[in-house]
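As a plain string of letters, each chain reads:
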Amino acid sequence: MIDILFDLRLLTDFLSTSLRLSVPLVFAAIGGVLSERSGVFNISLEGMILAGAFGAAVGAFFLNDPFGGLLIGILFGMAAGVVLAGMGVSLGVNQIVAGIAINLFVLGITAFLSRIVFGAQANTLQLPGFRAFSLPVLSAIPIVGPVLFGQDLLVYVMFASVLAVHMFLYWTPWGLAVRAVGENPAAADSAGISVNTVRYACVIAGGAFAGMGGCYLVLSQVFLFSEHMSAGKGFIALAAVILGRWTPGGAMLACLLFGFFDALQLRLQFTYQEIPHEFFVMLPYVISILALVGLVGKPQPPAAVGRHYRREAK
Amino acid sequence: MAQVVRLLFALKSVWAVLAALVCGSFLIMLAGSDPIAAYTALFHGAFVDYWGFAATLVKTCPLLLAGLAVVLPLRAGLFNIGGEGQIYIGALFATIVALYVPELPGPIHIALASIAGAIGGALWALLPAILKAYQRINEIIVTLLMNFVALHFVSFVVSGPMMEEGAPYPYSPEIPLGLFLPHILPRTDAHLGVVIAVVFALILYVVFRRGVAGYTLSTVGENPHAARYAGMSVERHIIVSFLVAGAFAGLAGTFEVLGHRYRLFHAFSQGYGYDGIVVAFLANLNPLFAIVSALFLAGLRSGANVMQRAVGVQVTVVEAIQGLVIIFVAISLAFRYRAGAVGQFLARRAAVEAALDKPGGDGAALDKPGAGGAAP
């Protein structure tokens, strides 16, 4: 096991796998950060990933182009965001219940529609996807180069997204508005910010990011859609949001940590083949729980998260 | 007029189901079949046909118990979304007792295995409860993540230490014949588990209505500060409600093994724990209505096979319809005649959180129960 530290090629492989496994988590976690910063608890990240994955498969299947898949996947993720915002922001349905409802709905509807759309070939399909390409010069750096700069398009998009959301939240007046709405909607409202508009925008944008996470699963990893392929990634991302203290950078680091352990368990499966692989598969979930438990100090979520805002009740 | 309106609001779960069925009929048309024929086949197969009804009862048992596992902690304003994991661990504990405890007289051995299953489920619920009560760690995320741990752990056990020799895929050896739960309808699979589940639902209903425990639990959820002032421990209520809920879910897993499958299979539950959430909300968090909603959702599932044979619509359409049901039920929560029951309970979660933030705090900083969670 320890040997990978000394073998340059193995180490590069390992780190590169870690990064790839954390990509869907990072996308979903960015979506979670955005919507929770605006005060909407987003347990439906799981459903948004799944919706995005299904959209990606449908788009790539009919348009026969990975970019078509990406587009439809993002749209499906946004649609899930619209449903969450409609229920949680406009109607004032408890956001946890709304999120659970979306997760169960997406699970059922994608299982049903995938049979209709892909039929019998669902599991043998080879959809068009994104291929890795190396950025010139940068990818020549030892270890870091191939790991960071020898990936496919969506990985670069992911890094750009983290940076963009960070800049948006902390460097722009709109970002200030989002944070104000998440901390004190009544004050933000007094300052002339439309609380519901901000929340709608953040939840829908969050759906787009989480949907991109699903796109990555389909268009860069497995090239087909399978039922319930999100497999709890949305919930791990949710843990990462808390661990990263509701910041895009922090959430990304937490996701990279989870991706690292996911890669580690794959490696352990390979090394200890006498132990059934199911034993290792549960490791990332255990690590997520341990990370939440071992968190130093109490996490301080945005003050208004999960609360429906009504003007009259100010 | 007011009474008519009140009645319309009271029946909102029924409207939600009807809306879901109407949307579902479009899905059935999308699949190229006649919705009327499909629904007729489904409901006839689920509730009218003798064997079909028995199959519905078989599925009612885990759904109802999983539903109760969601209803109970919500009384104190907490979400237990870990039913799925608790089902697996309960089934594991029960199977271990069934297989490895030297054979006892049937009823005693069944009771022992059931108690073990309940304990297994309760233990799996204990960790999120402790973390919630003493560390303020979000119980929703912990229970969700633990579902996956339990699922994979049971898969590990039945594909390794407990795997039947020479089995084509992961499952445990069969439990002894003496441990099979007795059947309640002659010549069918319907087993005693469903009766026990209904009894638990009735007990829970009575406890909520009349029992001291039901009253203190509601008080903790409704006004944790007052509860504390009156000497009730918020932390203890959280932990006990999760333990009992875990025991219910554990029994759901136990009865699947002892009453239906007679072995521990890998991934046997197929989402009963999550469907329990649908059962609970469709029943407006009332244990008595939970019997009806569990029966209905079980009927959807068992009738789906009949429908697939009769009109050729994929069974998965039922999962989509079930998803629609929960979406419409969630939407219906927004429409309430004064404060709906669900809204009240959800508001409690916010109040409990506030109380946990200030242990032993006085009433001065009390959050109004309506201030968070859901609209008053």
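Calculation notes
- Every chain begins its residue count from 1, and numbering advances along the sequence as written.
- Lettering for chains starts from A, numbering for ligands starts from 1, and both go in the order in which the items are written.
- With pLDDT at 70 or above as the cut-off, local features in this predicted model cover only qualifying residues; side-chain atom pairs require 80 or more to be listed or tallied, and sums for whole chains, interfaces and linings still use all residues.
- Starting at the N terminus, helices and strands are each numbered in turn, a helix being any DSSP run of H or I of at least four residues and a strand any DSSP run of E of at least two.
- Comment: burial labels come from other C-beta atoms within 10 Å of the residue's own C-beta, placed from the backbone, where a count of 20 or more is buried, 12 or fewer is exposed, and between is partly exposed.
- By the criterion used throughout, residues are in contact when their C-beta atoms, derived from the backbone, lie within 7 Å.
- Every radius of gyration here is taken over C-alpha atoms, with the globule rule written as 2.2 Å times N^0.38, N being the number of residues.
- To define a nonpolar core, we join buried Ala, Val, Leu, Ile, Met, Phe, Trp, Tyr and Cys residues through C-beta atoms within 7 Å and take the resulting set.
- Fitting a line to C-alpha atoms yields each axis, with helices limited to the stretch in contact; the angle taken between N-to-C directions then spans 0 to 180 degrees.
- Take the far helix as the reference: if the near one is turned anticlockwise from it by less than a right angle, the crossing is left-handed, and if turned clockwise, right-handed.
- For this classification, Asp, Glu, Lys and Arg are treated as charged, while Ala, Val, Leu, Ile, Met, Phe, Trp, Tyr, Cys and Pro are nonpolar and the rest, including Gly, are polar.
- Expected span of a helix, by definition, is 1.5 Å for each gap between consecutive residues, and there is one gap fewer than residues.
- Two axes define the bend at a residue: one fitted to the seven residues ending there, one fitted to the seven starting there, and the bend is the angle between them.
- Should an angle lie under 35 degrees it is considered roughly parallel, over 145 roughly antiparallel, and from 65 to 115 roughly perpendicular; all remaining angles are considered oblique.
- Confidence per residue, as judged by the predictor, is encoded in pLDDT with a range of 0 to 100.

*Asks:* Mind showing me how you'd approach the overall build of chain A here?
*Replies:* A tally of helices and strands in chain A yields 13 helices and zero strands. Reading chain A from its N end, one meets helices and strands in the order α-α-α-α-α-α-α-α-α-α-α-α-α. Taking the principal axes of its C-alpha atoms as reference, chain A extends roughly 60 × 45 × 40 Å. Across the 314 residues in chain A, those meeting the buried criterion constitute 55%. The contacts of chain A with a sequence gap of at least 6 include a subset with a gap of at least 24, amounting to 75%.

*Asks:* What is the right way to look at the overall build of chain B in this model?
*Replies:* When its secondary structure is counted, chain B shows 15 helices and zero strands. Its C-alpha radius of gyration of 21 Å places chain B within 12% of the 21 Å reference for a compact globule of 376 residues. By principal-axis analysis of the C-alpha atoms, chain B measures approximately 65 × 55 × 35 Å. Restricting the contact set of chain B to residue pairs at least 6 apart, pairs at least 24 apart contribute 78%.

*Asks:* Would you mind showing me how to read the nonpolar core here?
*Replies:* Across soluble globular proteins, nonpolar side chains have a tendency to be buried as a group. In this structure, Ala29 and Ala240 of chain A together with Leu64 of chain B are the most contacted members of the largest nonpolar core, which totals 248 residues. The contacts of alanine 29 of chain A, once residues within four sequence positions are left out, are Ala237, Ala240, Val241, Gly244, Ala251, Met252 and Cys255 of chain A.

*Asks:* Please clarify how the packing of helix 2 (residues 45–63) of chain A against helix 3 (residues 66–90) of chain A should be interpreted in this entry.
*Replies:* All names here are of chain A. Direction vectors running N to C along helix 2 and helix 3 enclose 145 degrees, while the axes themselves pass 6 Å from each other. Between helix 2 and helix 3 lies a crossing whose hand is right-handed. Taken together, the residues that form the contact of helix 2 with helix 3 break down as 18 nonpolar, nine polar and no charged.

*Asks:* Help me understand the interface of chain A and chain B in this model?
*Replies:* Each side of the interface is counted separately: chain A has 40 residues, and chain B has 44 residues. Looking at the side of chain A that touches chain B, the elements with two or more residues in it are helix 4 (95–118), helix 10 (233–243), helix 12 (278–281) and helix 13 (283–293) of chain A. Among the elements that take part in the side of chain A that touches chain B, helix 4 of chain A stands out by supplying 14 residues, more than any other. Residues belonging to the side of chain A that touches chain B are distributed by class as follows: 28 nonpolar, seven polar and five charged.

*Asks:* Just checking my understanding: could you explain the environment of tyrosine 170 of chain A for this structure?
*Replies:* Residues and elements named next belong to chain A. Among the structural elements, tyrosine 170 can be located in helix 6 (residues 153–171). Assessed through the 13 C-beta atoms surrounding it within 10 Å, tyrosine 170 is described here as partly exposed. In this structure the C-alpha to C-alpha distance between tyrosine 170 and phenylalanine 62, which are 108 residues apart in sequence, comes to 40 Å.

*Asks:* So what exactly am I meant to see when it comes to helix 6 (residues 106–135) of chain B here?
*Replies:* Residue pairs spaced three or four apart in an α-helix point in one direction, given the helix's 3.6 residues per turn. Residues and elements named next belong to chain B. Look at helix 6: 43 Å from first C-alpha to last across 30 residues, which is about the 44 Å you get at 1.5 Å a residue. Most pronounced at leucine 126, the bend in helix 6 amounts to some 30 degrees, and the proline proline 128 follows within four residues. Residue arginine 136 follows helix 6 closely and has a positive phi angle near 65 degrees.

*Asks:* Explanation requested: unusual backbone geometry in the structure shown.
*Replies:* Most peptide bonds take the trans form, and the phi angle of most residues other than glycine is negative. Residues and elements named next belong to chain B. Although it is not a glycine, arginine 136 sits at a positive phi angle of roughly 65 degrees. Turning to its location among the elements, arginine 136 is positioned in the loop between helix 6 and helix 7 (139–159). For arginine 136, a count of 13 C-beta atoms within 10 Å corresponds to the partly exposed category. Backbone geometry at leucine 285 places phi at a positive 60 degrees, although glycine is not the residue there. Tracing the sequence through the fold places leucine 285 in the loop between helix 12 (272–282) and helix 13 (287–311).

*Asks:* Sorry if this is basic, but what is going on with helix 4 of chain A here?
*Replies:* If you check helix 4 of chain A, its first and last C-alpha atoms are 33 Å apart, about what 24 residues at 1.5 Å a residue would give, namely 34 Å. Once helix 4 of chain A ends, the next one or two residues include glycine 119 of chain A, with phi positive near 60 degrees.

*Asks:* What am I meant to see in the packing of helix 6 of chain B against helix 7 of chain B here?
*Replies:* A pair of packed helices can be characterised by two numbers: the angle between their axes and the separation between those axes. Residue and element names in this part refer to chain B. Closest axis-to-axis distance for the helix 6/helix 7 pair is 9 Å, and the angle between their directions is 155 degrees. Taken as axis vectors, helix 6 and helix 7 run roughly antiparallel relative to one another. Crossing of helix 6 against helix 7: the hand is right-handed. Residue-level inspection shows Trp124, Pro128, Leu131 and Lys132 of helix 6 in contact with helix 7, the latter providing Glu139, Val142, Thr143, Met146 and Ala150.

*Asks:* Help me understand the confidence of the model for chain B, please; the structure alone is not making it clear to me.
*Replies:* Parts of the prediction with low pLDDT should not have their coordinates interpreted in detail. Residues and elements named next belong to chain B. Averaged over all residues, the pLDDT of chain B is 84; the fraction at 70 or higher stands at 91%. At the low end of the mean pLDDT range in chain B sits helix 1 (residues 2–10), at 68; at the high end sits helix 5 (residues 83–100), at 94. Taken as a whole, residues 361–376 scores under 50 in pLDDT and shows 39 contacts with residues more than four places along the chain or in a different chain. Predicted complex metrics record ipTM = 0.84 and pTM = 0.86.

*Asks:* Where do I start with the environment of proline 161 of chain B in this structure?
*Replies:* Looking at the element boundaries, proline 161 of chain B is found in the loop between helix 7 and helix 8 (193–210). With eleven residues separating them in the primary sequence, proline 161 of chain B and serine 172 of chain B have C-alpha atoms 9.1 Å apart.

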